[in-house]
Amino acid sequence: MNRVNFGPQPFMYPMPVLIIATYDENGTADAMNAAWGGITDNNEITISLSHHKTTENMMKTGAFTVSFATEDTITACDYVGIESALRVPDKFTRAGFTAGKAEHVNAPLIKELPMALECRVKSYEDDILVGEIINVCAKECIMTDGKIDPAKLKPVIFDPVNHTYIALGKTVGKAFSDGKKLK
């Protein structure tokens, strides 16, 4: 089988589209789009973030939320990734987002995004943010039988090769179960 080599690239699938929200020192909400992140322990998320207004805010407050871009909110979620709050201070509201106070940390929940992780900053060094997940919250409208339903959440992933957003597809197997067939 022939393969094409691309050299070192940030090509990984799936890559979630993470929307990080913070408050500044005046209580003004801010949000940014980040793709290079993932769960690194049971109650820990790690995200690669260079310097932004959002990182300044989280270092002052010690808190942030992480929501997930959805099919229904992709325009607003992309906007907060291509615009800087250092240049456009009201980009949060220009995106059409409204803030609600997170219950467990000093950070905003974005009302238009139905699921979020409420996090405390554990560390931020060399552009790597490590957050402690204090709580996961979800709107009831994306739940089925008391569980978050991906078909109702409608999260999107970032395709780093083609610079596109892709909707998740159908279920193809059952984790921690299908492999038992080979035991």
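You'll find the structure just up there.
A brief structural summary. Only a predicted model underlies this, so the values are computations on that prediction, with no experimental measurement involved.

The rules behind each value
Residues numbered from 1 in each chain as written. Predicted model: local features only at pLDDT ≥ 70, side-chain atom pairs only at ≥ 80, totals over all residues. Heavy atoms only, no water. Core = buried A, V, L, I, M, F, W, Y, C linked by side-chain atoms within 4.5 Å. Buried < 20%, exposed > 50% of the residue type's maximum accessible area, 1.4 Å probe, protein only. Helix = DSSP H or I, 4+ residues; strand = E, 2+ residues; numbered from the N terminus. Contact = heavy atoms within 4.5 Å. Pairing = 2+ DSSP bridges. Axes fitted to C-alpha atoms, helices over the stretch in contact; angles between N-to-C directions. Arc of directions from axis to C-beta. Polar contact = N/O pair within 3.5 Å; in protein donor to acceptor, adjacent residues only side chain to side chain.

**With respect to the nonpolar core**
Now for step 1: Counting residues in hydrophobic clusters, the biggest one holds 19 residues, and the most contacted among them are Ile 19, Ala 31, Phe 97 and Ile 110.
Now for step 2: Where this core is concerned, the elements lending two or more residues are strand E1 (18-23), strand E2 (29-34), helix H2 (74-82) and strand E12 (156-159).
Now for step 3: When near neighbours in sequence (up to four residues on either side) are disregarded, Phe 97 contacts Ala 76, Cys 77, Val 80, Phe 92, Ile 110, Glu 112 and Leu 113.
Now for step 4: Listed in part, the 18 residues of the second largest apolar core include Ile 47, Leu 49, Val 66 and Ile 142.

**Description of the sheet that holds strand E3 (residues 37-41)**
Now for step 1: Taken together, the seven strands give an open sheet; going across it, the order is E2-E1-E5-E8-E9-E4-E3, and neighbouring strands pair in antiparallel fashion. Every other strand in the sheet has two partners, leaving E2 and E3 as the edge strands with one partner each. For this sheet the average axis-to-axis angle between neighbouring strands, irrespective of direction, equals 35°.
Now for step 2: Relative to strand E4 (residues 44-48), E3 runs antiparallel, the two sharing four bridges. Its bridge partner being in E4, Ile 39 is matched across the sheet by Ile 45.
Now for step 3: Along the sheet, helix H1 (residues 53-61) contacts E1, E2, strand E5 (63-68), strand E8 (115-125) and strand E9 (128-138); its crossing angle with E1, the most-contacted strand, is approximately 55°.
Now for step 4: Most of the contacts of H2 go to E2, to which it runs at about 95°, and overall it touches E1 and E2.

**Focus: H2**
Now for step 1: Restricting attention to buried positions, one finds in H2 the residues Ala 76, Cys 77 and Val 80. One face of H2 carries all of its buried residues, which in axial projection span an arc of 100°. Among the exposed residues of H2, those oriented more than 90 degrees off its buried face are Thr 75 and Ile 82.
Now for step 2: Summarising the contacts, the buried residues of H2 are in contact with E1, E2 and helix H3 (91-94).

**Side note on the side chain of Thr 46**
Now for step 1: Along the polypeptide, Thr 46 turns up in strand E4.
Now for step 2: Within the local environment of Thr 46, its side chain forms a polar contact with the side chain of Thr 40, the two groups lying 2.8 Å apart.
Now for step 3: Leave out the neighbours within four places in its chain, and Thr 46 touches Trp 36, Gly 37, Gly 38, Thr 40, Ile 128, Leu 129 and Val 130.

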